[in-house]
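Now for the letters of each chain:
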Protein chains: 2
Amino acid sequence: MTTGPKFSPVQPVRAYERIVEQVEDALASGDLVPGQRLPSERELVAQFAVSRSTVREALRVLESNGVVRSRPGDPNGPEILPFSQSALRKQMVRLARVDELTLSELIGFRMIMDGAAIQVASRLRTPEELDELEETLVAMRAAIDVDFDAFSQADLAFHELIARISRNSLIQTCNEVVRGVVLSLISDKISHAPNSRALMLESLHHHADVVDAIRTGNGHAAARLARQNMYDYYGGYVPDSEQETLRALVED
Amino acid sequence: MTTGPKFSPVQPVRAYERIVEQVEDALASGDLVPGQRLPSERELVAQFAVSRSTVREALRVLESNGVVRSRPGDPNGPEILPFSQSALRKQMVRLARVDELTLSELIGFRMIMDGAAIQVASRLRTPEELDELEETLVAMRAAIDVDFDAFSQADLAFHELIARISRNSLIQTCNEVVRGVVLSLISDKISHAPNSRALMLESLHHHADVVDAIRTGNGHAAARLARQNMYDYYGGYVPDSEQETLRALVED
DNA sequence: CTCCGGTTACTGGTCCGACCAGTGGACTAG
DNA sequence: CTAGTCCACTGGTCGGACCAGTAACCGGAG
């Protein structure tokens, strides 16, 4: 048996894929910028020298990926969208729906990301950012008296701020996406819980403890508190068979 | 100002979107199962009572989302694909490409994920899995004598095993994706380094230390070692201005 | 009988031309 | 200068056509 040059399986490349590729490359290289407009479909037909069907299939794929948006009648043509995690979230929700992702995996992931973000943030935070954190606590307290949605939004603001302070946008994005997925799975259970208000208050106090730890610069303790907080808050919704992976995250 | 019923912005629903929806619902409800085949495009035209263009646009979206695959000439029609995280990975790669992630963000993310995975794994691992880990170490040692690519692949196997032992496929996917992006950015620098072999040997020893820590069940120490290892391995490629965020991860 | 090769019905990929309901800018009447 | 109309153009959908490819079917060679 001779080992010749490495041949790899080849599958047909469809015309619309080439178009998608070109657009995405232009976007990655900065030639195309969110807010800009693509030429109209009929103009693209001319530029790519393909039929409108082909152009449209490419646009559908791009649209499904959250890259562009077409609106009928808009003389400006399809719009290049700013990147959003909606596409990422969509895929994650899909995976979660078919049980490819369990709740414990999602929550465990959040515990990890949030804990790490807090650990980094407690070292990098400026005094001003510490003040901002205190403000979000006040906002959370006020939101408790409104409803669960308001509290959830204030909580989101807190975690977004943490992620921002950690200077890592990857953490920020992942956290946001996973948080959305988790909430879509169990938010109704939480908001309908009879002790919903008590849960919110407890969560608030835990957040305050985290901020205290951040203030003293004890990143490790802060992270530990954060993970414990999340475990207390969400852990009850995880089946017993999956509890083990989460507990491994709250102990040192 | 009166606050009437909550109206939400409404955008036109396109026919192909309804088709995508129907197929995805059938898939979520179990009416459609991976491996099954969709009717041919012309048959779908009849069933959905739309034109072939519309059916095709729906199929393109489904295909782009990793739900189905069409092959020209296949009399069985489009195939329902098994769920995979490839679609999720695709979106993450897109995120990494578009969002101009810095190297320190990517590496920091990896340090977090890998460290957490190891911490969880050190608690959940079975004796058999510990043996598997030892085997990957042997494979890494052997790969050093081949070339950098072989070592990189053995290293990948190690981290994939860790992620698997951590029982969290989200960690697995994220790690894989980010690792790929990082490598694509700096792998040539590493492989062309004059002391490439020394780097590989050092990395191997660090991995062995991690496995030792896992064996004793000291998850915290294992995670710390892993982060330190990654910092030593990749940290040199991060500009000084971004070093701070990484150092916050290797200290306790 | 089995096995092989060609025929053929059907597949998806692409193209073309057409129609429609909308949009938004230009243009006009006030 | 404003308010209303108009119209060129947009994207969404349709139907029909052609092509290269696939795989099952079928018939003849062994």
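Residues numbered from 1 in each chain as written. Chains lettered and ligands numbered in written order. Predicted model: local features only at pLDDT ≥ 70, side-chain atom pairs only at ≥ 80, totals over all residues. Heavy atoms only, no water.

Undergrad: Teacher, can you tell me more about the pattern of salt bridges here?
TA: Between side chains of opposite charge, a pair can form as their charged atoms come close. Applying the stated criterion to the full structure yields 38 salt bridges over all chains. Through salt bridges with shared partners, a single ionic network connects R14, E17 and E57 of chain A together with E41, R52, R56, R60 and E63 of chain B. (Salt bridge = Lys/Arg side-chain N within 4 Å of Asp/Glu carboxyl O.)

Undergrad: I tried to follow the interface of chain B and chain A on my own but got confused; where do I start?
TA: Of the residues lining the interface, 56 residues belong to chain B; the matching set on chain A comes to 57 residues. Each partner contributes to the roughly 5,300 Å² buried at the junction of chain B and chain A, and carbon and sulfur atoms together form 61% of this total. It is F83, R94 and R123 of chain B that lose the most area in chain B upon contact with chain A, and together they represent 12% of the buried surface on that side. Taken together, the connections running from chain B to chain A amount to 8 salt bridges. (Contact = heavy atoms within 4.5 Å. Buried area = accessible area lost by both parts, 1.4 Å probe.)

Undergrad: Would you mind going over the protein's contact with DNA strand C with me for this structure?
TA: Near DNA strand C there are 26 residues, and of these R14, A15, S51 and T54 of chain A together with R52 of chain B occur at the shortest range. A share of 67% is what sugar and phosphate atoms reach among the atoms of DNA strand C within 4 Å of the protein. Taking R52 of chain A, its side chain carries an N or O atom lying 3.3 Å from a base nitrogen of DNA strand C. Within the backbone of G73 of chain A, an N or O atom sits 3.4 Å from a base oxygen of DNA strand C. Here the surface near DNA strand C is built from residues that sort into 8 nonpolar, 7 polar and 11 charged. (Near = heavy atom within 4 Å. Polar contact = N/O pair within 3.5 Å; in protein donor to acceptor, adjacent residues only side chain to side chain. Nonpolar A, V, L, I, M, F, W, Y, C, P; charged D, E, K, R; others polar.)

Undergrad: Explain helix α1 (residues 15-28) of chain A here, please?
TA: Structural remark: α-helix, 3.6 residues per turn; residues separated by three or four positions point the same way. Residue and element names in this part refer to chain A. In this model α1 runs 20 Å from its N-terminal to its C-terminal C-alpha over 14 residues, within 8% of the 20 Å that 1.5 Å per residue would give. Every buried residue belonging to α1 is among Y16, I19, V20, V23, E24, A26 and L27, and all of these are buried. Taken down its axis, α1 places every buried residue within 160° of arc, on the same side. Of the residues one or two after α1, G30 is the one with positive phi, at around 90°. (Helix = DSSP H or I, 4+ residues; strand = E, 2+ residues; numbered from the N terminus. Expected span 1.5 Å × (residues − 1). Buried < 20%, exposed > 50% of the residue type's maximum accessible area, 1.4 Å probe, protein only. Arc of directions from axis to C-beta.)

Undergrad: How should the packing of helix α5 (residues 103-124) of chain A against helix α11 (residues 243-250) of chain A be read in this particular structure?
TA: Between two packed helices, the angle of one axis relative to the other and the distance separating the axes together describe the packing. Residues and elements named next belong to chain A. Two elements in contact, α5 and α11, have axes separated by 9 Å at closest approach and are oriented at 10°. Put simply, α5 runs roughly parallel to α11. For the pair α5 and α11, the contacting residues are S104, I107, G108, M111 and I112 in the first and T245, L246, L249 and V250 in the second. Tallied by class, the residues present in the contact of α5 with α11 amount to 6 nonpolar, 3 polar and no charged. (Axes fitted to C-alpha atoms, helices over the stretch in contact; angles between N-to-C directions. Parallel < 35°, antiparallel > 145°, perpendicular 65-115°, else oblique.)

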